[in-house]
Amino acid sequence: MSEFSRRDILSTAVAAGPVITATAAQSAESPPEPSRAPGVGGTDPVPGDVVREAQNPDLLNPPATDSGTLPNLRFSFADAHVRQSSGGWTRQVTARELGVSKSIAGVNMRLNAGGIRELHWHKQAEWSYMLYGTARITAIDPEGRNFVDDLWYFPGGVPHSIQGLGPDGCEFLLIFDDGDFDEDSTFLLSDWFKHVPSEVLGKNFGVPATLFGHTPDPRDLYIFKAPIPGPLGPDKLMGAEPAPQSFSHHMLTQEPIRTKSGTVRITDSSIFPASKNIAAALVEVEPGGMRELHWHPNTDEWQYYISGQARMGVFAANGQARTFDFLGGDVGYVPFAMGHYIENTGSTALRFLEVFKSSYYADLSLNRWLALTPRDLLKVHLNLDQQFADALRKSKAPIVPA
């Protein structure tokens, strides 16, 4: 018989696990306990997932300002099912995984070099952000005009394909304007061919019915292996007229809003006209910096943490507030109009996306609002002195320094 302590269990997990944060590794020497201060909380003599607790310190020991019963506002792609096939893999975070996310769903997809996401369409609009490598897309609009490029937004119902290019394919994030979206419910080209009689296909295309009946199983084509395509030439539109409105946009070429501790790039229909249902911001925060206290007056916010380490505090009115921790690959969510901040708690730059089901981006800064409010009115509300009032700023500064 052997004896094990909470420290033994965490030490074993750190030694055996693949890659975890430095915080979790350090916790092998000092396992986290649910006690934020002497006399508050206590020890945990029956340990659970101590590695995960070490990665989420603000859940185990929430700030004293947290209160109430806000729902879970965090889910990690690391906890999502991965569908694997010959051309790559995919996983999704929808309202089934993150129940509060009713307006937006996200898909993380990897296409190997040459790998194809089958020709398909869906009811929801699709917005993408390339995380790694390069891809080629094809699409056609209702007027029969087509489009071929390397980044994309597709309105609902527009048929399209995605293919990974050399040398190592690509990985990207897909955003859909419906939390109940399901990758398994898209309209696939092969699936439709499988469910139309051969004589009907022959009549439709003006060829013998005997040419049909050999379509591969759609389960084999969803993401499948194919040769890497050649470079685009002058015949890339296959004789069709080009679509007048571009389905692609290069977010990183935008000039950002710059502050001492980070940058923000905003992409909505004002600069990417095709993106009528999705607006987004790419936020970069230096260590110790913070996406300021703010809220969005038009819709919910869906977040994807690309890299770094963060914590987010959310205020829901009526005395309710909750704090969550995030790592790369995590999804966050802020319901409509709730006040929040995102702080870089790591030692490297924090990069994340703010995504909205809206044609336009809008936020309201707590600092700026108070700066533009009569000072006597502020004083009777908050009982703060002149030093606070003098520090308020009227200009926009979405990232504040350490």
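Reading the values: the criteria
- Residues numbered from 1 in each chain as written.
- Predicted model: local features only at pLDDT ≥ 70, side-chain atom pairs only at ≥ 80, totals over all residues.
- Heavy atoms only, no water.
- Helix = DSSP H or I, 4+ residues; strand = E, 2+ residues; numbered from the N terminus.
- Buried < 20%, exposed > 50% of the residue type's maximum accessible area, 1.4 Å probe, protein only.
- Polar contact = N/O pair within 3.5 Å; in protein donor to acceptor, adjacent residues only side chain to side chain.
- Contact = heavy atoms within 4.5 Å.
- Pairing = 2+ DSSP bridges.
- Axes fitted to C-alpha atoms, helices over the stretch in contact; angles between N-to-C directions.
- Patch = residues over 30% accessible without salt bridge, like charges linked within 9 Å, V, L, I, M, F, W, Y side chains within 5 Å.
- Areas by Shrake-Rupley, 256 points an atom, 1.4 Å probe, with all protein chains shown as cover.
- Salt bridge = Lys/Arg side-chain N within 4 Å of Asp/Glu carboxyl O.
- Core = buried A, V, L, I, M, F, W, Y, C linked by side-chain atoms within 4.5 Å.
- Phe/Tyr/Trp six-rings, centres within 6.5 Å; stacked < 30°, edge-to-face > 60°.
- Lys NZ or Arg CZ within 6 Å of the ring centre and 35° of its normal.

1. Thoughts on the side chain of N367
Along the chain, N367 falls in helix 8 (residues 366–371). Judged by relative accessible area, which is 18%, N367 ranks as buried. A polar atom in the side chain of N367 sits 3.0 Å from the backbone nitrogen of R393. Once residues within four sequence positions are removed from consideration, N367 is found in contact with E292, L392 and R393.

2. Some details on the sheet that holds strand 15 (residues 262–267)
Strands belonging to one sheet form pairs held by backbone hydrogen bonds; the direction of such a pair is parallel or antiparallel. The sheet built from 7 strands is open, its strands ordered 1-21-18-23-16-15-14 with antiparallel pairing. Two strands close off the open sheet at either side, each with one partner strand: strand 1 (74–76) and strand 14 (257–259). On average, each strand axis in the sheet is tilted by 20° relative to the strand beside it, whichever way the strands run. For strand 18 (residues 301–307) and strand 21 (residues 330–334), the ladder comprises 4 bridges, and the chain directions are antiparallel. Along strand 21, the bridge assignment pairs Y304 with V331.

3. Things to note about the side chain of H340
One can find H340 in strand 22 (residues 339–344). Looking at H340, its side chain comes within polar contact range of the main-chain oxygen of M338, at 2.9 Å. Sequence-distant contacts of H340, defined by excluding residues within four places in its chain, comprise E292, L293, H294, W295, H296, E301, Q303, M312, G313, V314 and V334.

4. As for the sheet that holds strand 11 (residues 170–176)
Spatially, the 6 strands line up as an open sheet ordered 2-3-4-11-6-9, and their pairing is antiparallel. The open sheet is flanked by strand 2 (83–85) and strand 9 (153–154), the only strands paired with a single partner.

5. Thoughts on unusual backbone geometry
Cis geometry is found at the peptide bond from G166 to P167, where omega equals 5°. Summarising the element assignment, P167 is placed in the loop between strand 10 (160–164) and strand 11. Non-glycine residue N318 carries a positive phi angle of around 55°. Here N318 is to be found in the loop between strand 19 (309–315) and strand 20 (321–327). Of note in this structure, N383 is not a glycine but carries a positive phi near 55°. Secondary-structure assignment places N383 in the loop between helix 9 (375–382) and helix 10 (386–391).

6. Quick notes on a nonpolar patch on the surface
A cluster of nonpolar residues, F205, V207 and L211, forms a patch on the protein surface that exposes about 270 Å² of accessible area. Relative to the elements of secondary structure, F205 occurs in helix 6 (residues 198–205). For F205, a relative accessible area of 46% gives the class partly exposed.

7. Observations regarding the nonpolar core
With 69 residues, the main nonpolar core has W127, W152, F172, W302 and L353 as its most contacted residues. Sorting elements by how many residues they give to this core places strand 16 (residues 278–285) first, with 7 residues.

8. Observations regarding the packing of aromatic side chains
Overall, the coordinates contain 13 aromatic pairs when judged by the stated rule. Residues W121 and W192 carry aromatic rings whose centres are separated by 5.8 Å and whose planes lie at 65° to one another, so their mutual orientation is edge-to-face. Remark: W192 occurs in helix 5 (residues 189–194) and W121 occurs in strand 5 (residues 116–121); sequence separation between them is 71 residues. Since its relative accessible area comes to 23%, W121 is described here as partly exposed. We classify W192 as exposed; its relative accessible area is 54%. With a centroid separation of 5.8 Å and 80° between ring planes, the pair formed by W295 and W369 is classed as edge-to-face. Taken together, the residues W295 in strand 17 (residues 290–295) and W369 in helix 8 connect sequence positions 74 residues apart. A network of ring pairs unites the aromatic residues W121, F187 and W192 as a single cluster. We note R83 situated over the ring of Y222; from NZ or CZ to the ring centre the distance is 3.8 Å. The ring of Y222 is capped by R117, whose NZ or CZ atom sits 4.0 Å from the centre of that ring.

9. Quick look at the pattern of salt bridges
All told, the structure shown has 17 salt bridges when counted by the stated rule. In this structure, R311 and D58 form a salt bridge, with 3.2 Å as the shortest nitrogen-oxygen distance. Here D58 lies in helix 4 (residues 57–60) and R311 lies in strand 19, a separation of 253 residues in the sequence. Residue classification places R311 among the partly exposed residues on the basis of a relative accessible area of 21%. Taking relative accessible area as the criterion, D58 reaches 10% and is therefore assigned buried. Here D390 and R375 are joined by a salt bridge, their closest N and O atoms 2.9 Å apart.

No statement about biological role is implied by the geometric values presented.
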